[in-house]
There are 4 protein chains.
Amino acid sequence: NKPPPCASKTKEDSISSISVPFIQKLIAEMVGTYFLIFAGCTSVAANLNYDKVVTLPGISIVWGLAVMVLVYSVGHISGAHFNPLSLLPLPPARDFPGNRMQEAWSTGALELICFEMFIWDYYRIYFVLQSVKVPAYIACQVTGSTLAAGTIRLIFTGKQDQFTGTLPAGSDMQSFVVEFIITFYLMFIISGVATDNRAIGELAGLAVGATVLLNVMFAGAISGASMNPARSLGPAIVSSQYKGLWIYIVSPILGAQAGAWVYNMIRYTDKPLREITMSASFLKNTGRA
Amino acid sequence: NKPPPCASKTKEDSISSISVPFIQKLIAEMVGTYFLIFAGCTSVAANLNYDKVVTLPGISIVWGLAVMVLVYSVGHISGAHFNPLSLLPLPPARDFPGNRMQEAWSTGALELICFEMFIWDYYRIYFVLQSVKVPAYIACQVTGSTLAAGTIRLIFTGKQDQFTGTLPAGSDMQSFVVEFIITFYLMFIISGVATDNRAIGELAGLAVGATVLLNVMFAGAISGASMNPARSLGPAIVSSQYKGLWIYIVSPILGAQAGAWVYNMIRYTDKPLREITMSASFLKNTGRA
Amino acid sequence: NKPPPCASKTKEDSISSISVPFIQKLIAEMVGTYFLIFAGCTSVAANLNYDKVVTLPGISIVWGLAVMVLVYSVGHISGAHFNPLSLLPLPPARDFPGNRMQEAWSTGALELICFEMFIWDYYRIYFVLQSVKVPAYIACQVTGSTLAAGTIRLIFTGKQDQFTGTLPAGSDMQSFVVEFIITFYLMFIISGVATDNRAIGELAGLAVGATVLLNVMFAGAISGASMNPARSLGPAIVSSQYKGLWIYIVSPILGAQAGAWVYNMIRYTDKPLREITMSASFLKNTGRA
Amino acid sequence: NKPPPCASKTKEDSISSISVPFIQKLIAEMVGTYFLIFAGCTSVAANLNYDKVVTLPGISIVWGLAVMVLVYSVGHISGAHFNPLSLLPLPPARDFPGNRMQEAWSTGALELICFEMFIWDYYRIYFVLQSVKVPAYIACQVTGSTLAAGTIRLIFTGKQDQFTGTLPAGSDMQSFVVEFIITFYLMFIISGVATDNRAIGELAGLAVGATVLLNVMFAGAISGASMNPARSLGPAIVSSQYKGLWIYIVSPILGAQAGAWVYNMIRYTDKPLREITMSASFLKNTGRA
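Residues numbered from 1 in each chain as written. Chains lettered and ligands numbered in written order. Predicted model: local features only at pLDDT ≥ 70, side-chain atom pairs only at ≥ 80, totals over all residues. Heavy atoms only, no water.

Asker: Even after reading the chapter, I still don't get the overall build of chain A, so can you show me in this structure?
Answerer: The helix and strand tally for chain A stands at 11 helices and zero strands. Listing each helix as α and each strand as β along chain A from the N terminus yields α-α-α-α-α-α-α-α-α-α-α. Here chain A holds 289 residues, and the buried ones make up 62% of them. A separation of at least 24 residues holds for 83% of the contacts in chain A among residues at least 6 apart in sequence. About 10700 Å² of surface is accessible on chain A, with carbon and sulfur atoms providing 66% of the total. (Helix = DSSP H or I, 4+ residues; strand = E, 2+ residues; numbered from the N terminus. Buried < 20%, exposed > 50% of the residue type's maximum accessible area, 1.4 Å probe, protein only. Contact = heavy atoms within 4.5 Å. Areas by Shrake-Rupley, 256 points an atom, 1.4 Å probe, with all protein chains shown as cover.)

What follows is the structure, encoded as structure tokens:
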């Protein structure tokens, strides 16, 4: 009598995704992204304007803690993404759990080819089902980021060195590689704390915030440590400075996919990854959309 | 037979609020505010007097951790406010839960107007009921802050650059906007961790302390990052330097109201906000007043 | 049939305190104090010898985290004191719980006088009962501290600026006041996290470590931020530099007593403080001595 | 009917250690070590190349948080070692629990001699049983470390000061002593949080990360604070700079053995240490190998 959970979920997904709670989610994403970008970019601007008083460790701490406190305060509402990358489809892990892992290793090449074909099917279905939700989320994130960069421009009016976006310090290739590795790292850690049952509740915010913090600390001087297309896009739009912007869009997308893919290979759990990472984000997502 | 919980709570509120445990709460607020202001402002004074050895990240860490450890040690006694703003009436959320949220969105303008009228009624009732408690709390907080600033003045006697209050680094408008945003942010996070059940116990202190830390880090060089009228008032009284003080009283009040209001819009829980945030503060408040 | 728990406890206390597990506790205290002092003082020495590369925030983080990790790793063995002050008798709270608090406030002066008389009786009994345990603990702590300072002296041999003890930066009175306040603060927080049930397990180490961290951050440049006679005594013995040492013994003792006393006034719990703070330290102390 | 758990474990250990989940463990160790070394060494390289903008506290935070987040994300897969030292045999604690501790203290010298003889027997058995697993783990760790150092060399191509390995700042003996003490400290803390039941889940990562952080902070300027032969070996291979490398292999091995040994002396628990530390690492290790 009960309909299969998957079908019911899909139906609910497509219908209720424009009901009122979904609007609450969009507000949460926009306000959250606004605060994240405002805090981080203001720390960069204050460091430029007030004689390097914030220091790079200070800027890193601002980015990391801003992620952490927003995960704790709006994670249960919208999933606390603030990043278009965490809305992209991940490898379809429901069909690739522990025992199938072993099959894949033993059967080798042929299996792998079939599997790859399935992936593209999965990606196609995903984009149809999520065609309302994902663009709305991403629009809210980019809007929040642009509003934050605009606010900072108004606050530091008249000073010329207030560009708070991300620019390669060295060659484009250097920044491309560094952005790839740190986004890989971030998505690897997010997948890890989302897989481990104990981490779901209280440690997810701490671990994800700490990863952002350490990534900004070691990569901030090299590439700006964006890890997030929305973070780079907002200040670029406000300052009309699009130099090297492609790096901060292409490289994080590839890094995030690779990180989730590699973690999926070493995952060892009975829970399907999709249930954990996609619908529940890394915090229990009690909403309906 | 059982009286309605609301009436019983109200009665108890007005009667027992001057009994002995309430005196304990006042002592906790005064001692806590003293320590918070003493630690934070001494770090500022030591940085001025000893060749910037503390650094801005160090000052931010002092403010953030001081809030955190005080929430853990006196949060269960007095609620660990230390800030007049968290005693102001918040939007009356008991009458605005999830389902009414949907009504408001669907019925639109008329409903909203009625709701606004109710708010003013709510504010009026609130101030009558709390007429004993709130002024006593605020008096204790300002006394604690002033005593702390006085102690620092005595410790650093004879040196002229020991003003540890908050002053706009740039224009008044710049500091007004920054104070508004960071107090909005702080109250938004407090509302968030108080709504989420998992956060009540152990994460509230961590999240609130981290928010103070990051706010001081990015806004400390711009506006001083007060977020708290008592924090600005104490050193101003001791040094008789009232320049720009109005910013640090008006802007945080508006920011705190706006932050609680916006979080209320995106809240999605069965618990009434007033029960969580007002009487229980952000830690379970087992006292009677 | 069951003997009264108090008598059994007292008997066990005096007899078994020299049995084998007590030796394990002494080793834990000595090794723990060695590591705490070695880490903290080496950070001071490295900062002096390598061009201030550690910085004051770095030194503060070392002290704070060293306390935290030692609480987590040997707290369940020896109580993780590392400080003679936390072995001194605290105000006898078993006879001063919530309801008696109210009596004291209502009956006023006469009650208070009787109570004060009782205190001295309590202190006298305490020292007789603990006459074996406390001196052994303190001896281990001072030995650990002295060995650590000696190791550092050997490591940095031949350089003259390696004094890692505590010296007043300004007047003796300034350091005396600052040491009093920060030790008051530390003992106030320890009493707080030990009273709150939720804090016993996992938050005690975090809160106590954070308090040490922030105290060193704001007071390190003024008085050295000792808060611990053993911390000052070890390097003083190794370097034979006893100038101002009395400050770091007298002031913390007074501050610790005052902090525990004030927290006792605002405490509101059913658990007797002595049970929590004295025998169980701030971590569950499953040993027998 | 049930076979003795010890025998079953041994058999399972030797047979299943090359099955598929073991390959997952090896991938986890290699990826984890890669990220740990990449993050830490890039922070060192960025500090050298960009005008000391990361600072020593920043580098310490990177190392500490990198350990913490990797423990939370792959600790339940592979144990999150990343360090050959934590794979070496520890003192055989299953045969040396609380009550035997008392015997050893009371019977004295003779018992101790027998015990020492048993240890060598234990070590021999250990290496036979683990002859597949341990070399594979260590190979993966050294490979991950070398790949990370190679990546950094490619990123910072053309600049000559990018050696990110560890070198003694002063004499070899100074670095040898400092490495011994900090590895002793690290293994002591790991043993401590693994013994305490409450710490197994959520605090292990925090405590171990904090220990690495503080060790790098105070010892980084003296010896480079390796604590891990794989961390020193990777950059040394890539840069072909083997000066003083023996210090970072011999001293941590001795320090780790001494730290586990001393903690074992003060341990007071009913759980056998081997069960906790060896098979379960410091996080519950649900795998089969």
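Asker: Looking at this structure, how should I read the nonpolar core?
Answerer: Nonpolar side chains tend toward joint burial in soluble globular proteins. Core analysis: the biggest nonpolar cluster contains 265 residues, and Phe-188 of chain A, Phe-188 of chain B, Phe-188 of chain C together with Phe-188 of chain D have the highest contact counts within it. Here Phe-188 of chain A is in contact with Gly-259, Val-262, Tyr-263 and Ile-266 of chain A together with Val-31, Phe-35 and Val-74 of chain D, once residues within four sequence places are set aside. (Core = buried A, V, L, I, M, F, W, Y, C linked by side-chain atoms within 4.5 Å.)

Asker: Which parts of the structure should I look at to understand the environment of Ala-66 of chain A?
Answerer: Along the chain, Ala-66 of chain A turns up in helix α3 (residues 55–78). Considering only alpha carbons, one finds Ala-66 of chain A and Leu-213 of chain A, 147 residues apart in sequence, at a separation of 9.5 Å.

Asker: Please explain helix α9 (residues 229–239) of chain B as it appears in this structure.
Answerer: Residue and element names in this part refer to chain B. Considered for burial, the residues of α9 that qualify are Pro-229, Ala-230, Arg-231, Ser-232, Gly-234, Pro-235 and Ala-236. Taking the backbone nitrogen of Ala-230 as reference, a side-chain oxygen 3.0 Å away marks Asn-228 as the first, capping residue of α9. Looking one or two residues past α9, Ser-240 carries a phi angle of roughly 50°, positive in sign. (Polar contact = N/O pair within 3.5 Å; in protein donor to acceptor, adjacent residues only side chain to side chain.)

Asker: Quick question: what am I supposed to make of the environment of Ser-232 of chain D here?
Answerer: Residues and elements named next belong to chain D. Note on placement: Ser-232 falls in helix α9 (residues 229–239). C-alpha separation for the pair Ser-232 and Ile-249, spaced 17 residues apart in sequence, amounts to 8.1 Å. Once you skip the residues sitting within four places of it in the chain, Ser-232 turns out to touch Thr-166, Ser-226, Leu-245 and Tyr-248. Here the side chain of Ser-232 touches Thr-166 through a polar contact of 2.7 Å, side chain to side chain.

Asker: Explain the packing of helix α3 (residues 55–78) of chain D against helix α8 (residues 203–219) of chain D to me, please; I cannot follow it from the model alone.
Answerer: A pair of packed helices can be characterised by two numbers: the angle between their axes and the separation between those axes. Residue and element names in this part refer to chain D. Between α3 and α8, the least distance of the axes is 8 Å, while the angle of their chain directions is 160°. On the basis of the axis angle, α3 is roughly antiparallel to α8. Here α3 and α8 pass one another in a crossing that is right-handed. Facing α3, whose interface residues are Leu-56, Pro-57, Ser-60, Ile-61, Trp-63, Gly-64, Val-67, Met-68, Val-71 and Tyr-72, α8 presents Gly-205, Leu-206, Val-208, Gly-209, Val-212, Leu-213, Val-216 and Met-217. Taken together, the residues that form the contact of α3 with α8 break down as 14 nonpolar, four polar and no charged. (Axes fitted to C-alpha atoms, helices over the stretch in contact; angles between N-to-C directions. Parallel < 35°, antiparallel > 145°, perpendicular 65-115°, else oblique. Left-handed = near helix turned anticlockwise from the far one by under 90°. Nonpolar A, V, L, I, M, F, W, Y, C, P; charged D, E, K, R; others polar.)

Asker: Got a minute to help me understand the packing of aromatic side chains in this structure?
Answerer: Given two aromatic rings, one states the distance between the centres and the angle between the planes to describe the pair. With the rule as written, the count across this model stands at 40 aromatic pairs over all chains. Measuring from ring centre to ring centre gives 5.8 Å for Phe-35 of chain A and Phe-188 of chain B, while their planes differ by 55°; the resulting arrangement is tilted. Within this pair, whereas Phe-35 of chain A is found in helix α2 (residues 20–49), its partner Phe-188 of chain B is found in helix α7 (residues 172–195), the two belonging to separate chains. Exposure remark for Phe-35 of chain A: the relative accessible area of 2% places this residue in the buried category. Note on Phe-35 of chain B and Phe-184 of chain C: the rings are 5.4 Å apart at their centroids and 55° apart in plane angle, and the pair reads as tilted. Taken together, the positions of Phe-35 of chain B in helix α2 (residues 20–49) and Phe-184 of chain C in helix α7 (residues 172–195) put the pair across two chains. (Phe/Tyr/Trp six-rings, centres within 6.5 Å; stacked < 30°, edge-to-face > 60°.)

Asker: Quick question: what am I supposed to make of the side chain of Ser-43 of chain B here?
Answerer: All names here are of chain B. Here Ser-43 shows up in helix α2. Classification of Ser-43 as buried rests on a relative accessible area of 0%. At a separation of 2.6 Å, a polar atom in the side chain of Ser-43 contacts the main-chain carbonyl oxygen of Gly-40.

Asker: Help me understand the confidence of the model for chain A, please; the structure alone is not making it clear to me.
Answerer: Low pLDDT marks regions whose predicted coordinates should not be analysed in detail. Looking at chain A, the pLDDT average stands at 73 and 65% of residues meet or exceed 70. A low-confidence stretch, residues 270–289 of chain A (pLDDT under 50), is modelled with 65 contacts involving residues beyond four sequence positions or located in other chains. (pLDDT = per-residue confidence, 0-100.)

Asker: Help me understand a nonpolar patch on the surface in this model?
Answerer: All names here are of chain C. The grouping of Trp-246, Ile-249, Val-250, Ile-253 and Leu-254 at the surface amounts to a nonpolar patch, some 400 Å² of accessible area in total. By the secondary structure assignment, Trp-246 is in helix α10 (residues 245–266). Given a relative accessible area of 47%, Trp-246 falls into the partly exposed group. (Patch = residues over 30% accessible without salt bridge, like charges linked within 9 Å, V, L, I, M, F, W, Y side chains within 5 Å. Salt bridge = Lys/Arg side-chain N within 4 Å of Asp/Glu carboxyl O.)

Asker: What's the story with the side chain of Thr-42 of chain C in this structure? I'm lost.
Answerer: If you trace the backbone, Thr-42 of chain C turns up in helix α2 (residues 20–49). Contact partners of Thr-42 of chain C, with chain neighbours within four places excluded, come to Ile-37, Ile-152 and Phe-156 of chain C together with Phe-218 and Ile-222 of chain D.

Asker: Just checking my understanding: could you explain unusual backbone geometry for this structure?
Answerer: Most peptide bonds take the trans form, and the phi angle of most residues other than glycine is negative. The phi angle at Met-227 of chain B is positive, at roughly 60°, despite the residue not being glycine. Counting through the fold element by element, Met-227 of chain B comes out in the loop between α8 (203–219) and α9. Using a relative accessible area of 4% as the deciding quantity, one classes Met-227 of chain B as buried. Of note in the backbone geometry, Asp-51 of chain C takes a positive phi value of approximately 60° without being a glycine. Summarising the element assignment, Asp-51 of chain C is placed in the loop between α2 and α3 (55–78).

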